Amino acid sequence: MGKEECKTMLDALNKVTACYRHLVIALGSTSDSQNLREELKRTRKKAQELAVANRTKLTSLLKDKTISKEDRAEYERLWVLFSSSMELLEVDMKRSLEIGQDFPLKVPTRHLIQTGMTGSTTTVAARAMSVQNMKYEADSNIDTADLRDLQSEITQVSQMMEEMEMKVQVAPWAVEAKQEAGAELKSNMSVGNSSVGVISICEEEPKEEDGVLNVYIATCE
Amino acid sequence: MTIRNAIRDHGQRYRPRMACLKKAEKVLLEMQDPKTGVKSQPQRLVITTIPHAISGEDIIAWLADRFQIDSQEARNLGSMLVALGYIYPLQDHKRLVIKPDASLYRFQTPYFWPTQQWPVEDTDYAIYLAKRNIRKKGILELHEQEQYNRLHKWMNHKWDFIVMQAKEQYRAAKERKKPDRVVFDCQERAYWVVHRPPPGTVSAMDYGLERRIDPNADEVTGESLHMIFTQQSIMRPRVKSSVSIGALVKYCATYNSHDPFLSKCLPSNPWLTDDVTYWTLNMPNVEIPTKMRVERWTFSFRELLSDPRGRDDFRLFLKKEFSGENLAFWEGCEDLKWGTAATMREKAEHIYKTFLARGAPRWINIDGKTMEITVKGLKHPHRYVLEAAQTHIYMLMKKDSFGRYMKSPVFKDTLKKAIAPEEHKFTDAQLEQNAKNRRPSLSPIILRQQELEQKAKMAASAPVDITQVMSKLSKQGKEVAPRPPSKN
């Protein structure tokens, strides 16, 4: 079914966007390195591939006039998810260009900001690329060489978003979300590299308008 | 920076320019130098050690040395850097100041620096609150919970995205090692303390309204515009600078003690202490005004008329002198100028019948020429048709009645009864309490209703003395009984 495919692709795009943001936050700090720049480049490319794939799929689904009203509402909701992801991605790409230009790696008089972060971001990038381990093979001048590519990619993405807005007639404010307030507390968190002990707590969900009380267990590993 | 964000900024928002940001960034980069920058030390937490913590006293000493300033000014400069969000405190994270002791701070990562061209998006804030919700297992602080509910209402169409992205960002953050995770949490929290300050926090990025036009856009120029501009500047009346400067000096000297920026605001400035006594004591319809307010009435007639309480007092005085029709006429003209276009014609007619016509019940004394102009204008009434007559009456009141009012028992009585509130002296704890008790004031809709109710009450309870009846009541269809012209 087109919908399931769409949802999987959107989940993937969402994951890559989140990881990209984490990587951009490390730019310019003491976590910054050759490897980070390469991670940024590869995550970006992956994000763009996913974006194009998502866009083609969703536009073809939305152009179809024969779909039912519920289906159309669902596709519009997916479209809003997609365009919101793209907005975040676009801003992060522009910011990474700006910060990348301000903090070249090889200039000895240009110091990185001592933010307290010193570890590598390789696990984040591995999560984005859906691989076990990252292999690094870039040239030493990647910090300056990549910026030109980045500029052209940003223009591409901006163009794509303008086209999207022009061609697809979806009113984002008309979409109703399926999740309620506090929905992020519901599902179990995935296992991460934490060393803090296990805590099991029964908690009430923050107040909602319809007064539904949900009791669930949140585990922090 | 070649790529501008403004292209897709559909809201056409232009944030105020902050030239200080570029300068602050330069200073910050200098502070990073391992040899000449600020000394850093490791921060020891329970399980981990995190490097690159700097103490307040080191920052202040470095700034004083770098800029050759004294330590008080270095402290102010340091606090400015913290308030902008370039450095964040590790303890007491809600107070954005530099403490001149061993309390620790850390540099913020460039992504979270304040910027001119990247607006702080509510979407990002919603994602942050959702992540915090996950982390705190549903227990958010009060102001965070309020913001969360508000954003959930207004950004409902994006809420699925916000939840998805929050979960993914939370998971991605877990991929990093423990010390880096702690640092990232602190960074993000510090960023939002600056850009969405909790109650009681003063942040330098709280700059108010955004502009509506792009200050960098090209202005429209043309030869004909230039000509018109120069012609108008030739025709403009000129005043000697000695005269205008003298007027400015006089104004400053008169209003100096009344300006809350330059002198104390009694009992306390609500914007600083979150205590609204000042506003309650100075409400438009308060019974007993404050001494400062009464003093302002003596500065000029305009001040007296523009303050509703002052105008009430003046009206009372005129009632005793049986010359209330001047003020009533002036108020009627104001009502005409500022009222709706639909009611203009009937208002103008009513004013004419009440004040200007031969044998009118509240006839006012204006000279023949003005009367001629006014009557001619009333054939085709517009908003400013009574302007000449209004100015004449205003000058009459100013030169004659105002002086007598200042010497009258009414004014002396008001002055005697006026209160001078004591200055508040709040402790830090009380200030925090005040900040927590902040509540929105009455809605303007309610205030307007109260105003109208009061006017109706005044009119209904008015004795036959006509000086109480105001021209605004013509809307309710009450006709003024014909009376012989009153003595002036």
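Residues numbered from 1 in each chain as written. Chains lettered and ligands numbered in written order. Predicted model: local features only at pLDDT ≥ 70, side-chain atom pairs only at ≥ 80, totals over all residues. Heavy atoms only, no water.

Here we look at the pairing of strand β4 (residues 104-107) of chain B
Residue and element names in this part refer to chain B.
So, point 1. On β4, burial covers both faces: Leu104 and Arg106 on one face and Tyr105 and Phe107 on the other are all buried.
So, point 2. Bridge count for strand β2 (residues 49-55) against β4 is two bridges, and the pairing is antiparallel. Residue pairing across strands places serine 55 opposite leucine 104, the latter belonging to β4.
So, point 3. Inspection of the sheet shows strand β3 (residues 87-89) paired to β4 by three bridges, in the antiparallel sense. Opposite tyrosine 88, over in β4, you have arginine 106 as the bridge partner. (Buried < 20%, exposed > 50% of the residue type's maximum accessible area, 1.4 Å probe, protein only. Helix = DSSP H or I, 4+ residues; strand = E, 2+ residues; numbered from the N terminus. Pairing = 2+ DSSP bridges.)

Thoughts on the interface of chain A and chain B
So, point 1. With 82 residues of chain A at the interface, the matching set in chain B holds 64 residues.
So, point 2. Between chain A and chain B, a total of about 6600 Å² is buried, with carbon and sulfur atoms accounting for 57% of that surface.
So, point 3. Among the ionic pairs, lysine 158 of chain B bridges to glutamate 87 of chain A, the shortest N-O distance being 3.5 Å.
So, point 4. Put simply, chain A and chain B have 20 residue pairs in polar contact (both at pLDDT 80 or more) between them.
So, point 5. Breaking the side of chain A that touches chain B down by element, the ones donating at least two residues are α1 (2-26), α3 (69-102), α4 (122-129), α5 (142-167), β1 (199-204) and β2 (215-220) of chain A.
So, point 6. No other element matches α3 of chain A, which puts 16 residues into the side of chain A that touches chain B. (Contact = heavy atoms within 4.5 Å. Buried area = accessible area lost by both parts, 1.4 Å probe. Salt bridge = Lys/Arg side-chain N within 4 Å of Asp/Glu carboxyl O. Polar contact = N/O pair within 3.5 Å; in protein donor to acceptor, adjacent residues only side chain to side chain.)

Quick notes on the side chain of glutamate 25 of chain B
So, point 1. Relative to the helices and strands, glutamate 25 of chain B resides in helix α1 (residues 20-31).
So, point 2. The contacts of glutamate 25 of chain B, once residues within four sequence positions are left out, are Tyr86, Trp113 and Pro114 of chain B.

Notes on unusual backbone geometry
All names here are of chain B.
So, point 1. A cis amide bond links leucine 266 to the next residue, proline 267, at an omega of -10°.
So, point 2. Inspection of the secondary structure puts proline 267 in the loop between α9 (241-255) and α10 (270-273).
So, point 3. Located in the positive-phi region is glutamine 68, a residue other than glycine, with phi close to 55°.
So, point 4. Mapped onto the elements, glutamine 68 comes out in the loop between α2 (56-67) and α3 (71-84).

Topic: the side chain of serine 79 of chain B
All names here are of chain B.
So, point 1. In this fold, serine 79 is placed in helix α3.
So, point 2. In this structure the side chain of serine 79 is engaged in a polar contact, spanning 3.1 Å, whose partner is the backbone nitrogen of isoleucine 98.
So, point 3. In this structure serine 79 touches Leu96, Val97 and Ile98, once residues within four positions along its chain are discounted.

Structural notes on the packing of aromatic side chains
All names here are of chain B.
So, point 1. The full count for this structure, using the stated rule, is 22 aromatic pairs over all chains.
So, point 2. With 5.2 Å between their ring centres and 55° between their planes, tyrosine 405 and phenylalanine 411 make a pair best called tilted. Here tyrosine 405 and phenylalanine 411 have matching classes, each one buried.
So, point 3. Chaining the aromatic ring pairs together yields one cluster made of Phe301, Phe314, Phe317, Trp330, Tyr394, Phe402, Tyr405 and Phe411.
So, point 4. In this structure, arginine 66 is placed above the aromatic ring of phenylalanine 67, and the distance from its NZ or CZ to the ring centre is 4.6 Å.
So, point 5. The cationic tip of arginine 196 hangs over the ring face of tyrosine 125; the distance from NZ or CZ to the ring centre is 5.3 Å. (Phe/Tyr/Trp six-rings, centres within 6.5 Å; stacked < 30°, edge-to-face > 60°. Lys NZ or Arg CZ within 6 Å of the ring centre and 35° of its normal.)

Section: α3 of chain A
So, point 1. Compared with the 50 Å implied by 1.5 Å per residue over 34 residues, the 49 Å span of α3 of chain A between its first and last C-alpha is a close match.
So, point 2. α3 of chain A sits mainly inside the fold: 25 of its 34 residues count as buried. (Expected span 1.5 Å × (residues − 1).)

Considerations on the confidence of the model for chain A
So, point 1. Averaged over every residue, the pLDDT of chain A is 77; residues scoring 70 or more account for 84%.
So, point 2. Within the model, pLDDT remains below 50 along residues 188-221 of chain A, and this stretch shows 56 contacts once partners closer than five positions in the same chain are excluded. (pLDDT = per-residue confidence, 0-100.)

Here we look at a nonpolar patch on the surface
Residue and element names in this part refer to chain B.
So, point 1. A cluster of nonpolar side chains, Trp271, Leu272, Val276 and Trp279, forms an exposed patch at the surface whose accessible area comes to about 520 Å².
So, point 2. By the element assignment, leucine 272 lies in helix α10.
So, point 3. Overall, leucine 272 belongs to the exposed group, its relative accessible area being 66%. (Patch = residues over 30% accessible without salt bridge, like charges linked within 9 Å, V, L, I, M, F, W, Y side chains within 5 Å. Areas by Shrake-Rupley, 256 points an atom, 1.4 Å probe, with all protein chains shown as cover.)

Observations regarding the pairing of β2 of chain B
Residues and elements named next belong to chain B.
So, point 1. Counting buried residues along β2, five of its seven residues qualify, which places the element largely inside the surrounding structure.
So, point 2. In this structure, strand β1 (residues 41-44) lies alongside β2, joined through three bridges in antiparallel fashion. In the sheet register, glutamine 43 faces β2, and the bridge partner there is isoleucine 50.
So, point 3. Between β1 and β2, which pair antiparallel one after the other, the connecting turn spans four residues.

Looking at α5 of chain A
Residue and element names in this part refer to chain A.
So, point 1. Taking 1.5 Å of rise per residue, 26 residues should cover 38 Å, and α5 covers 36 Å from first to last C-alpha, within 8% of that figure.
So, point 2. Along its length, α5 reaches its greatest deviation from straightness, about 25°, at arginine 148.
So, point 3. Among the residues of α5, Ile142, Asp143, Asp146, Leu147, Leu150, Glu153, Ile154, Val157, Ser158, Met160, Met161 and Met164 are the ones counted as buried.
So, point 4. Tucked inside the fold, the buried residues of α5 contact α2 (34-63) and α3. (Bend = angle between axes of the 7 residues up to and from the residue.)

What about the packing of helix α4 (residues 122-135) of chain B against helix α7 (residues 178-195) of chain B?
All names here are of chain B.
So, point 1. Between α4 and α7, the least distance of the axes is 12 Å, while the angle of their chain directions is 130°. In terms of orientation, α4 lies oblique with respect to α7. Where α4 crosses over α7, the handedness of that crossing is left-handed. Where α4 abuts α7, its residues Asp124, Tyr125, Tyr128, Lys131, Arg132 and Arg135 lie against Phe184, Asp185, Glu188, Arg189 and Trp192.
So, point 2. Here the contact of α4 with α7 is composed, by residue class, of four nonpolar, no polar and seven charged. (Axes fitted to C-alpha atoms, helices over the stretch in contact; angles between N-to-C directions. Parallel < 35°, antiparallel > 145°, perpendicular 65-115°, else oblique. Left-handed = near helix turned anticlockwise from the far one by under 90°. Nonpolar A, V, L, I, M, F, W, Y, C, P; charged D, E, K, R; others polar.)

Some points on the pattern of salt bridges
So, point 1. Per the stated rule, a full pass over the model turns up 46 salt bridges over all chains.
So, point 2. The closest approach of N and O atoms between glutamate 74 of chain A and lysine 7 of chain A, which form a salt bridge, is 3.7 Å. In this pair, glutamate 74 of chain A is assigned in helix α3 and lysine 7 of chain A in helix α1, connecting sequence segments 67 residues apart.
So, point 3. The exposure class of lysine 7 of chain A is partly exposed, given its relative accessible area of 27%.
So, point 4. Notably, a salt bridge pairs lysine 22 of chain B with glutamate 25 of chain B, separated by 3.7 Å at the nearest N-O pair. With a gap of three residues between them, lysine 22 of chain B and glutamate 25 of chain B both fall in helix α1, about one helical turn apart.
So, point 5. Assessed through its relative accessible area of 55%, lysine 22 of chain B is described here as exposed.

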